[in-house]
Amino acid sequence: MIRTLAITGCVFLSFHIKAQEGYKNFEVAIYSRAYETAKMRDDNWIQPVWDEISRQLQVDKVYLETHRDLLLVDELTLLKAKKFFESKGIRTAGGITLTVNESNNYQTFCYTNPEHRKKIREVVEFTARHFDELILDDFFFTNCKCDLCVKAKGTKNWTDFRLELMTKAAKDLIIDPAKAVNPKIKIVVKYPNWYDHFQGSGFNLETEPKMFDGLYTGTETRDPSSNQHLQQYLGYNIFRYFDNLKPGKNGGGWVDPGGLTYMDRYAEQLWITMFAKAPEITLFDFRQLQRPLQKSDRAAWQSLATTSFNYDEMMKPVADKNGKMVAPTTIARAAGYTFETIDQFLGLLGKPVGVKSYKPFHSTGEDFLQNYMGMIGVPMDMVPEFPENEPIVFLTEQAKSDPEIMGKIKKQLLAGKDVMITSGFLKAMQDKVNDIVELRVTDQKASVKEFGAGWGPHSFTDREILIPQIRYNTNDSWEIVSAFDDTNGWPIIHRADYAKGKLYVLTIPENVVDLYHLPTDVLTRIREILTPNLPAVLEAPGYTSLFVYDNNTVIVESFADETTQVKLQLANGFTKAKNLVSGEELFAEKKEYPQRRKPSIIKLTLNLELKPHSYVVLKLEK
Ligand SMILES: [Zn+2]
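Residues numbered from 1 in each chain as written. Predicted model: local features only at pLDDT ≥ 70, side-chain atom pairs only at ≥ 80, totals over all residues. Heavy atoms only, no water.

Peer 1: It is not clear to me how the overall build of the protein should be interpreted in this structure. Could you clarify?
Peer 2: In terms of regular secondary structure, the protein is built from 17 helices and 32 strands. In terms of C-alpha radius of gyration, the protein reaches 26 Å, essentially the compact-globule figure of 25 Å for 622 residues. In the protein, buried positions account for 59% of the 622 residues. Residue pairs at least 24 apart in sequence account for 74% of intrachain contacts in the protein once pairs closer than 6 positions are excluded. Within the structure as shown, the protein displays about 25,000 Å² of accessible surface, and the carbon and sulfur contribution to it stands at 50%. One finds the centroid of the 77 positive side-chain charges in the protein at a distance of 3 Å from the centroid of its 81 negative side-chain charges. (Helix = DSSP H or I, 4+ residues; strand = E, 2+ residues; numbered from the N terminus. Rg over C-alpha atoms; globule rule 2.2 N^0.38 Å. Buried < 20%, exposed > 50% of the residue type's maximum accessible area, 1.4 Å probe, protein only. Contact = heavy atoms within 4.5 Å. Areas by Shrake-Rupley, 256 points an atom, 1.4 Å probe, with all protein chains shown as cover. Lys, Arg positive; Asp, Glu negative; His and termini not counted. Charge placed at Lys NZ, Arg CZ, Asp CG, Glu CD.)

This is how it looks when you write it as structure tokens:
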């Protein structure tokens, strides 16, 4: 340590000490695919790989996969690999990937084929004999449509057939065989990031969380414009959602470096996972952590601003186990640097909170919409039951699949509380919604650029946004925010009173990503209605997220490529905030909000400058 201090000064020393002791607020695991586990029979392979990774990144645990693509690691190799890590004080757990051939459109096993079932049982028993913890990676689903499956499906639809098939497989092929050979074993099912489509392939979020000892969450979002269209906010939202499926038993988040076009994107996925308060993060995988750092990893904005992921700082030499300073070589250092940075404040955050959005099991419609809401600064908290005791509940088209949904909405409204439904829910359910308020979503669309809230100047977008036209009866319900084209107009936010409660309708643009392009004042109105009890509301354009914790800490994050100036409205008597990264004290200013036929409202707001792809961490103070 003293040697390090002499060479590099205090700032580096503090990082160095942490790297030696592990991170304070979370653990880090690395996943080894069967291909790499098999190579571990050779010390000449694993020793230099391990040295290279572990001098750049602190590791607590290694998942040793025993099977993938019909490659089963032999027992001697597995024992050798376990011993290698355990001799270094690294914990090990087993991993299984249930693929026949991943490169053939992710070919899974066939769960109706007796030979496949026998093979799965053997792999599970073999792995359970060697580990007290076992994780299933991503592929405990089936996409098999062989003759046997077609016959077994009969007249059911594929979703129902596969949901039932995989629930039985979880018991008969995984849990029972594993516990029979090792009663102590903890069995964890790791789910990938495409949660809205799980039921189609038999991932059963209704039955499996109850059956397995734990869950684990794929929080990688990679390039949001790739064909999965995963928004950056998903990494946070999916972790919280799975934690709500089995509270306290969501073991961690899991990120790979796929789809990287700049290194900030990798770092962003890691820290968003940790903003959800994951206790552990798994880096996939041994092979990919050896990816060299390249000049093109340094994003254009790195030269213009000091961003949360500071590429040049990350590239500074780090000490190896002998204290020798060595320049970073692979993305393991990008992970290590990111973890050291966020570890300094993660412990100061409370429990994440947000607006509850009810997603019934196996529901479809308006796919992944809650992540788009997160990207416009609405803190989301998806739950599998209609939540009681919330001031407002957010319902997308997916809520239609609960046959009791209208009764639950009415009960909430009669209790004097609010509900916001989307235009997608309204369209699917308008006959039933009419019992609350008579509204119609027509098949007509409008192309709009002009928006207004009934008072004050109108605001404009720089692109045309296509919206569905919602019709209502004059003087029966009310436009809160409107969109205009020439002298015509339609609701963006609509309100109907019902007993003491209010039903809001949010119009979702035909292209959901246009939510990001709505004017800031429209977005702010959406946030204000959805989060009446939170201590802070964003006034910011799209691509800005707000993370709120129950101890009045908040994180504001920008996903934009430029520096943006945003405001944070403070409520609940807060007047200032402390920046938990820089220590700077920020004082709120009074801002006047004109009202129609009423005196202006005065609110206290903080002015924040957000660097590209960067966050600000604040403790709100009175
Ligand atoms: Zn089959």
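Peer 1: Help me understand the nonpolar core in this model?
Peer 2: Soluble globular proteins tend to bury their nonpolar side chains together. Membership of the largest hydrophobic core comes to 141 residues, with the highest contact counts inside it found for Leu57, Phe140, Ile174, Tyr266, Phe339 and Met373. It is helix 8 (residues 158-181) that contributes the most residues to this core, nine residues altogether. Not counting residues up to four positions away in its chain, the partners in contact with phenylalanine 339 are Tyr23, Phe26, Val28, Leu57, Leu270, Ile281 and Leu283. (Core = buried A, V, L, I, M, F, W, Y, C linked by side-chain atoms within 4.5 Å.)

Peer 1: Help me understand the environment of glycine 202, please; the structure alone is not making it clear to me.
Peer 2: Summarising the element assignment, glycine 202 is placed in the loop between strand 8 (186-191) and helix 9 (208-211). For glycine 202, a relative accessible area of 0% translates into the label buried. Along the chain, glycine 202 and proline 279 lie 77 residues apart, while their C-alpha atoms are 27 Å from each other.

Peer 1: Got a minute to help me understand the pairing of strand 16 (residues 380-383) in this structure?
Peer 2: Every other side chain in a regular strand lies on the same face of the sheet, so the side chains alternate between the two faces. Of the two faces of strand 16, both are covered, the one formed by Met380 and Met382 as well as the one formed by Asp381 and Val383. Across four bridges, the pairing between strand 15 (residues 355-358) and strand 16 is parallel. By the bridge assignment, lysine 356 is partnered in strand 16 with aspartate 381. The β-α-β motif built from strand 15, the intervening helix 14 (residues 369-375) and the parallel element strand 16 has right-handed crossover chirality. (Pairing = 2+ DSSP bridges. Right-handed = clockwise from strand over helix to strand, strands pointing away.)

Peer 1: What am I meant to see in the coordination of the zinc ion here?
Peer 2: For a metal bound by four donors in a tetrahedral arrangement, the ideal donor-metal-donor angle is 109.5 degrees, while six donors in an octahedral arrangement ideally sit at 90 or 180 degrees. Listed as protein donors to the zinc ion are Cys110 (SG), Cys144 (SG), Cys146 (SG) and Cys149 (SG); their distances from the metal cover 2.3 Å. The coordination sphere of the zinc ion comprises four donor atoms, whose angles at the metal cover 102 to 118°; the geometry is tetrahedral. Here the donor residues for the zinc ion map to a single chain with the spacing C-x33-C-x1-C-x2-C. Remark: cysteine 149 occurs in helix 7 (residues 147-153) and cysteine 110 occurs in the loop between strand 6 (107-108) and helix 6 (114-130); sequence separation between them is 39 residues. Judged by relative accessible area, cysteine 110 falls into the buried class, the value being 2%. Cysteine 149 sits in the buried class, given a relative accessible area of 1%. (Donors = N, O, S within 2.8 Å, 3.2 Å for Na, K, Ca; no water. Tetrahedral: all angles 85-135°; square planar, octahedral: opposite > 155°, others 65-115°.)

Peer 1: Help me understand the packing of helix 11 (residues 263-275) against helix 13 (residues 331-343), please; the structure alone is not making it clear to me.
Peer 2: When two helices pack together, their arrangement is given by the angle between the helix axes and the distance between those axes. Relative to each other, helix 11 and helix 13 sit at 45°, their axes nearing to 10 Å. Taken together, the axis directions place helix 11 and helix 13 in an arrangement best described as oblique. Remark: the crossing between helix 11 and helix 13 carries right-handed chirality. Here helix 11 contributes Met263, Tyr266, Ala267, Leu270, Trp271 and Met274 to the contact with helix 13, which in turn contributes Ile331, Ala334, Ala335, Thr338, Phe339 and Ile342. In terms of residue class, the contact of helix 11 with helix 13 is built from eleven nonpolar, one polar and no charged. (Axes fitted to C-alpha atoms, helices over the stretch in contact; angles between N-to-C directions. Parallel < 35°, antiparallel > 145°, perpendicular 65-115°, else oblique. Left-handed = near helix turned anticlockwise from the far one by under 90°. Nonpolar A, V, L, I, M, F, W, Y, C, P; charged D, E, K, R; others polar.)

Peer 1: What should I look at first to understand helix 10 (residues 234-245) in this one?
Peer 2: Working note: α-helix, 3.6 residues per turn, so residues spaced by three or four point in the same direction. When the terminal C-alpha atoms of helix 10 are compared, their 16 Å separation across twelve residues agrees well with the 16 Å that a helix rising 1.5 Å per residue should span. Counting buried positions along helix 10 yields eleven of twelve residues, so the element is predominantly enclosed. Looking only at helix 10, the buried set comprises Leu234, Gly235, Tyr236, Asn237, Ile238, Phe239, Arg240, Tyr241, Phe242, Asp243 and Leu245. (Expected span 1.5 Å × (residues − 1).)

Peer 1: Explain the pattern of salt bridges to me, please; I cannot follow it from the model alone.
Peer 2: Applying the stated criterion across every chain, the model contains 42 salt bridges. Between aspartate 443 and lysine 427 there is a salt bridge, with the nearest N and O atoms lying 3.2 Å from each other. Linking aspartate 443 in strand 19 (residues 439-452) with lysine 427 in helix 16 (residues 423-433), this pair joins segments that are 16 residues apart in sequence. On the accessibility criterion, lysine 427 (40% relative accessible area) is partly exposed. (Salt bridge = Lys/Arg side-chain N within 4 Å of Asp/Glu carboxyl O.)

Peer 1: Is there a simple way to think about the packing of aromatic side chains in this case?
Peer 2: For any pair of aromatic rings, the description consists of the separation of the ring centres together with the inter-plane angle of the planes. Taken as a whole, this structure holds 44 aromatic pairs when the rule is applied. Each ring, one from tryptophan 50 and one from phenylalanine 85, has its centre 5.3 Å from the other, and the planes form 80°; the classification is edge-to-face. Highlighted residues: tryptophan 50 in helix 4 (residues 43-54) and phenylalanine 85 in helix 5 (residues 75-86), separated in sequence by 35 residues. No difference in accessibility class separates tryptophan 50 from phenylalanine 85, as the two residues are buried. Within the aromatic cluster, the residues linked to one another by ring pairs are Tyr106, Phe139, Phe141, Tyr191, Trp194, Tyr195, Phe198, Phe203, Tyr241, Phe242 and Phe368. (Phe/Tyr/Trp six-rings, centres within 6.5 Å; stacked < 30°, edge-to-face > 60°.)

Peer 1: In this structure, what is going on with the sheet that holds strand 27 (residues 564-570)? I would like to understand it.
Peer 2: Strands pair in a sheet through their backbones, by hydrogen bonds, and they do so in one of two ways: parallel or antiparallel. Pairing is antiparallel in the open sheet, where four strands are placed in the order 24-27-31-30. The open sheet has two free edges, formed respectively by strand 24 (536-539) and strand 30 (589-595), since each of these has just one partner strand. Strand-to-strand, the axes of this sheet are offset by a mean angle of 40°, without reference to chain direction. Examined bridge by bridge, strand 30 and strand 31 (residues 598-610) share six bridges and lie antiparallel to one another. Within strand 31, the residue paired with glutamine 595 across the bridge is lysine 598.

Peer 1: Is there a simple way to think about the environment of leucine 466 in this case?
Peer 2: Relative to the assigned elements, leucine 466 resides in strand 20 (residues 459-472). The class of leucine 466 is partly exposed, set by a relative accessible area of 39%. In this structure, the C-alpha to C-alpha distance between leucine 466 and asparagine 511, residues 45 residues apart in sequence, is 7.2 Å. Once residues within four sequence positions are removed from consideration, leucine 466 is found in contact with Lys445, Ala446, Ser447, Pro509, Glu510 and Asp514.

Peer 1: Please clarify how the sheet that holds strand 14 (residues 352-353) should be interpreted in this entry.
Peer 2: Strand order in the open sheet formed by six strands is 14-25-26-32-28-29, and the pairing between neighbours is antiparallel. Because the sheet does not close on itself, it has two edges, and the strands there are strand 14 and strand 29 (585-587). The pairing of strand 28 (residues 576-579) with strand 29 spans three bridges and is antiparallel. If you follow lysine 576 over to strand 29, its bridge partner there is phenylalanine 587.

Peer 1: So what exactly am I meant to see when it comes to the pairing of strand 10 (residues 250-255) here?
Peer 2: Most of strand 10 sits inside the fold, with five of its six residues counted as buried. The sheet contact formed by strand 9 (residues 214-218) and strand 10 spans three bridges and is parallel. For leucine 215, the partnering residue across the bridge sits in strand 10 and is asparagine 250. Chirality of the crossover, the property in question, places the unit of strand 9, helix 10 and strand 10 among those that are right-handed. Handedness of the crossover joining strand 10 and strand 11 (residues 280-284) through helix 11: right-handed.

Interpretation in functional terms is not warranted from these geometric data alone.
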